[in-house]
Amino acid sequence: MTLEALINYRPVRYSHILIEPGESHTLTADPWAYLYSFLIRAKNRTKGIRKRNHERAIFYAELADSFYRAAEVSQLPAQATLLYYGMLNLAKCFLSVRGLELETKIEHHGASLPFNAPPGITIARRANASIHILSEFSKELGGKVTEHETIQLKEILSNIPELHGLYSGVYTDHSAKFLPVDIKFCTNDFKTTLFAEISYQKKNEKLIAAGRLLKGNRRDQFTEGVNKDGRVIHKTQKTRRPKNWKNLTKAYRAYLREFSKYSICSMLTRNGYQYHVNLEDPKYHHLLYSLMAMFYLGSAARYRPSMMRELMDSEMRPLITEAAALCPRQFQYHLVSLITGELCAVPFAAID
C-alpha cells in the first residue's frame, strides 16, 4: 500500500530548493527584512573571505531593495531599467553568498543587445580577466550559457512560467508547453522505502502534449502513468531505502537534486508554490530567463528607446507589462529562498 511520507507528523513535501524533509514554508510579507536578518547573522558567524562576501551581499541586497522601491513609483519603459538593476543586485547577492568574490575583477552583465536583428540578447564571450554575471548566475542554478548565442525575446518570454498563460493568448499559434504537476513523496506500510510520484490532471491531455513528460531527462526515470481519480500518476523508477526513517535528509535531497534536472519550474502563489514541467526542456533555468527578459527591457529602455517604443506599440505590449508586474516579485522570493535556504512564501494574511 502506498502512503504519503511523513516525518514528525509533517508531510515530506517537494521543494525546488534543498531543505530538510518535513520543513514548512517560511511565511514572510517582507522578504527584504528576512533577507537582511539572515545575511547579518551569517556575516557574524564567518571570517575572512566568507565574511567579506557576506558584507558585499548585504550591500547588494540594500541596492536591490532601493531599485525595487524606486521602480514602484515609476512607469514603463523607465521602470524596466530600475527593475533589472534590482534583480541584478539580488543575483549578485546570491552569488556572493555562494562564494563568488565580486569586485575583484572587471564585471560585465554578460550579454548585449544585437543590432539589426529581432528583439533579443546575445550572450557575451567570456574573458579570463572578467566576471560575467549572467554566466555565473546560470552556473549556480545548475547550468551554463553558450557564448555568443543570440536568444530572441519571444523565446525568453515563452520560457517564463508566470507568463505562459498570457503568452499563449497573444501568440495563438504557440503550443502550450507548461504542464501543471503535483509532486508527492510516498512510502510503504513499514516506512522502509521512499519514492516520489508526479501527477497531472487527465483532462490536461486534451490541452497539452502530456506524453512528453516521459521524454528528455525524464526518460526512464518514471513508471508508465496510472489513471486514478482523474489524475495520471507516474512513480519514480528509483526507490530509496533510508537506514533510519528519522534521518531522511540524504535520500530526500538526492531526489530533489535529480528533479532539478527535469525542467520543473516553480511559481509562487497565495497557496504556496505551484510546479509546472516545461515539456520542451528549455536550455536554461526559468529564473535565468526572467533575468534575461529584464536585462533586455532595461537595456532597451536605456540604449534603444525607439526600439522599445516599437515594442510597446506592438502585440508584445501586454507581455512586457506583465513581465514587469510579475517577474521581479517572483524573482525576489525565489532568490531570497535560495540565499537563505528557506522556502519563503507569501502569508495568507498578506494583502496587496
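Before reading further, recall that the structure is shown in the block above.
Since this is a predicted model, take the numbers as computed values, not measurements.

S.K.: Help me understand the sheet that holds strand β7 (residues 120-123) in this model?
M.R.: The strands making up a sheet associate through backbone hydrogen bonding, with each pair oriented either parallel or antiparallel. Overall, antiparallel pairing links the three strands, which are arranged β6-β7-β9 in an open sheet. Both outer strands of the open sheet, β6 (111-112) and β9 (150-152), are each paired with one neighbouring strand and no more. Sheet topology places β7 next to β9; three bridges connect them, and they run antiparallel. If you follow Ile 121 over to β9, its bridge partner there is Ile 151. Those strands touched by helix α8 (residues 286-303) are β6, β7 and β9, and its axis lies near 110° from that of β7.

S.K.: I would appreciate a short explanation of the packing of helix α9 (residues 305-312) against helix α10 (residues 317-340) in the present structure.
M.R.: Any two packed helices are characterised by how steeply their axes cross, that is the angle between the axes, and by the distance between the axes. At a minimum axis separation of 7 Å, α9 and α10 run at an interaxial angle of 105°. By the criterion of interaxial angle, the relationship of α9 to α10 is roughly perpendicular. On the side of α9, the interface is formed by Met 308, Arg 309, Leu 311 and Met 312, while α10 contributes Arg 317, Ile 320 and Thr 321. Taken together, the residues of the contact of α9 with α10 sort by class into four nonpolar, one polar and two charged.

S.K.: Explanation requested: the environment of Leu 82 in the structure shown.
M.R.: When you line up the elements, Leu 82 lands in helix α3 (residues 78-97). With a relative accessible area of 21%, Leu 82 lands in the partly exposed category. On a C-alpha basis, the gap between Leu 82 and Met 294 in space is 9.5 Å, while along the polypeptide they are 212 residues apart. If near-sequence neighbours (up to four positions away) are discounted, Leu 82 is found in contact with Phe 67, Ala 70, Ala 71 and Ser 74.

S.K.: How do you make sense of the pattern of salt bridges when you look at a structure like this?
M.R.: Side chains that differ in charge, positive against negative, can pair when their charged atoms come close. Applying the stated criterion to the full structure yields 13 salt bridges. Between Glu 205 and Lys 202 there is a salt bridge whose closest N-O contact spans 2.8 Å. For Glu 205, a relative accessible area of 34% gives the class partly exposed. For Lys 202, a relative accessible area of 35% translates into the label partly exposed. For Glu 258, the salt bridge identified is with Arg 240, shortest N-O distance 2.5 Å. Remark: Arg 240 occurs in the loop between β13 (231-235) and α7 (249-259) and Glu 258 occurs in helix α7; sequence separation between them is 18 residues. Given the relative accessible area of 16%, Arg 240 is considered buried. What you see here is one network of salt bridges that share partners, running through Lys 238, Arg 240 and Glu 258.

S.K.: Explain the side chain of Glu 258 to me, please; I cannot follow it from the model alone.
M.R.: For Glu 258, a relative accessible area of 17% translates into the label buried. In terms of polar contacts, Glu 258 uses its side chain to reach the side chain of Lys 238, at 3.2 Å. Within the structure, Glu 258 has its side chain in polar contact with the side chain of Arg 240 (distance 2.5 Å). Non-local contacts of Glu 258, meaning those with residues more than four positions away in its chain, are made with Lys 238 and Arg 240.

S.K.: Looking at this model, I keep getting lost on the packing of aromatic side chains. Mind explaining?
M.R.: Two numbers describe a pair of aromatic rings. These are the distance of the centres and the angle of the planes. What the rule picks out here adds up to 16 aromatic pairs. Judged by centre distance (4.9 Å) and plane angle (45°), the rings of Tyr 167 and Tyr 171 are tilted. The exposure class of Tyr 171 is buried, given its relative accessible area of 7%. An aromatic cluster of at least three residues, connected via ring pairs, comprises Tyr 14, Phe 222, Phe 259, Tyr 262 and Tyr 275. Positioned above the aromatic ring of Tyr 171 is the side chain of Lys 154, whose terminal nitrogen or guanidinium carbon lies 4.2 Å from the ring centre. The residue whose ring lies beneath Arg 304 is Phe 115, and the NZ or CZ to ring-centre distance is 3.8 Å.

S.K.: So what exactly am I meant to see when it comes to the environment of Gln 201 here?
M.R.: Summarising the element assignment, Gln 201 is placed in strand β11 (residues 195-201). Setting aside residues no more than four positions away along its own chain, Gln 201 makes contact with Gly 230 and Arg 231.

S.K.: Explain the nonpolar core to me, please; I cannot follow it from the model alone.
M.R.: Nonpolar side chains in soluble globular proteins tend to end up buried together. If you look at the biggest cluster of nonpolar residues, it comprises 109 residues, and the most contacted ones within it are Ile 121, Phe 137, Phe 185, Met 292 and Phe 331. Among all residues touching Phe 137, those that are not within four sequence positions of it are Ala 91, Phe 94, Leu 95, Leu 287, Leu 288, Leu 291, Phe 331 and Leu 335.

S.K.: What's the story with the packing of helix α1 (residues 31-44) against helix α2 (residues 48-72) in this structure? I'm lost.
M.R.: As a packed pair, α1 and α2 sit with axes 9 Å apart at the nearest point and diverge in direction by 165°. Put simply, α1 runs roughly antiparallel to α2. For the pair α1 and α2, the crossing hand works out as left-handed. Residue-level inspection shows Trp 32, Leu 35, Tyr 36, Leu 39, Ile 40, Ala 42, Lys 43 and Asn 44 of α1 in contact with α2, the latter providing Lys 51, His 54, Glu 55, Ala 57, Ile 58, Ala 61, Glu 62, Ala 64, Asp 65, Tyr 68 and Arg 69.

Basis of the calculations
Residues numbered from 1 in each chain as written. Predicted model: local features only at pLDDT ≥ 70, side-chain atom pairs only at ≥ 80, totals over all residues. Heavy atoms only, no water. Pairing = 2+ DSSP bridges. Helix = DSSP H or I, 4+ residues; strand = E, 2+ residues; numbered from the N terminus. Contact = heavy atoms within 4.5 Å. Axes fitted to C-alpha atoms, helices over the stretch in contact; angles between N-to-C directions. Parallel < 35°, antiparallel > 145°, perpendicular 65-115°, else oblique. Nonpolar A, V, L, I, M, F, W, Y, C, P; charged D, E, K, R; others polar. Buried < 20%, exposed > 50% of the residue type's maximum accessible area, 1.4 Å probe, protein only. Salt bridge = Lys/Arg side-chain N within 4 Å of Asp/Glu carboxyl O. Polar contact = N/O pair within 3.5 Å; in protein donor to acceptor, adjacent residues only side chain to side chain. Phe/Tyr/Trp six-rings, centres within 6.5 Å; stacked < 30°, edge-to-face > 60°. Lys NZ or Arg CZ within 6 Å of the ring centre and 35° of its normal. Core = buried A, V, L, I, M, F, W, Y, C linked by side-chain atoms within 4.5 Å. Left-handed = near helix turned anticlockwise from the far one by under 90°.

None of this, on its own, says anything about what the molecule does.
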